[in-house]
Amino acid sequence: MAALFSPLFRVALRAPSRRCVPGLSVVTQHRPLSNDAETSSKRMGMMIKLRPEHKEEYIRYHAAVWPGVLATIRECNISNYSIFLRDDLLFGYFEYSGTNIKADLAKMRKCPETQKWFTLIKPMLQPLDNLKEDEDWWAMMDEVFHTD
């Protein structure tokens, strides 16, 4: 079975260039969701560990995300945002449709309500051991396959 997936893992190891964004790093190469440059979005994947003792609390908070946090996410050109949980591993997915993700993420970090949210949520999480140099929280992932 491992031999079947070996080429996929070799492709995943060839990571595109990254740029540092304090608090979050992003993949600078992407595949557009649309062929129309004006409506092009980037699919983003990320992973982090959930501290087991905070599982129920994390789920409870995310069952009722504060309206101001949700509004800020939308204002920062992020849509179709989902977080999945398996055991202690969280996988986040979102689509970014803006033109300057650094500026949008900085805007998000400046929002007082989002700062309060991060203060509550961040202690529940544990970054992966293999974070890249420019990552300090969620580990960004490289897209290796997509189909519509």
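All of these numbers come straight from a predicted model, not from anything done at the bench. (Residues numbered from 1 in each chain as written. Predicted model: local features only at pLDDT ≥ 70, side-chain atom pairs only at ≥ 80, totals over all residues. Heavy atoms only, no water.)

Looking at the layout of surface pockets
To keep things clear, this is the line we draw: Two kinds of site are reported from a 1 Å grid over the protein atoms alone, namely cavities, where a 1.4 Å probe fits but cannot get out, and pockets, open sets with protein on both sides within 12 Å along at least five of seven lines, and residues are called lining when an atom falls within 4 Å of a point. Grid points are joined across faces, edges and corners, and a volume is the space filled by probe spheres set on the points. Helix and strand definitions here come from DSSP, where helices need a minimum of 4 consecutive H or I residues and strands a minimum of 2 consecutive E residues; each element is numbered from the N-terminal end. As a working rule, the residues Ala, Val, Leu, Ile, Met, Phe, Trp, Tyr, Cys and Pro are called nonpolar, Asp, Glu, Lys and Arg charged, and the rest polar, with Gly in that last group.
Put simply, the largest pocket is a space of about 610 Å³. Taken together, 28 residues make up the lining of the largest pocket; nearest its centre are Met46, Ile73, Tyr81, Met108 and Phe118. Mapped by element, the contributors of at least two residues to the lining of the largest pocket are α2 (55–62), α3 (67–75), β4 (78–86), α4 (101–110) and α5 (112–121). Sorting elements by how many residues they give to the lining of the largest pocket places β4 first, with six residues. Residue composition of the lining of the largest pocket, grouped by class: 19 nonpolar, six polar and three charged.

Digging into the confidence of the model for the chain
Applied cut-off: Confidence of the predictor in every single residue is expressed as pLDDT, which spans 0 to 100. We call two residues in contact whenever any of their non-hydrogen atoms come within 4.5 Å of each other.
In the predicted model, the chain carries a mean pLDDT of 79, and 74% of its residues have values of at least 70. pLDDT under 50 marks residues 1–38. Its contacts with residues more than four places away, or in other chains, come to 66 contacts.

Considerations on the pairing of strand β3 (residues 42–50)
On a regular strand, one side chain projects to one face of the sheet and the next to the other, so that they alternate. As a reminder of what qualifies: We call a residue buried when its accessible area falls under 20% of the maximum for its residue type, exposed when it is over 50%, and partly exposed in between, using a 1.4 Å probe and counting protein chains only. Being paired, for any two strands, means DSSP has found at least two bridges between them.
Of all nine residues making up β3, seven are buried, and the element is well covered by its neighbours. As paired strands, β3 and strand β7 (residues 139–141) are joined by three bridges and run antiparallel to one another. Within β7, the position partnered with Met46 by the bridge is Met140. Taken together, the two bridges between β3 and strand β6 (residues 125–126) define a ladder with antiparallel strand orientation. Looking across to β6, one finds that Lys49 is bridged to Gln126.

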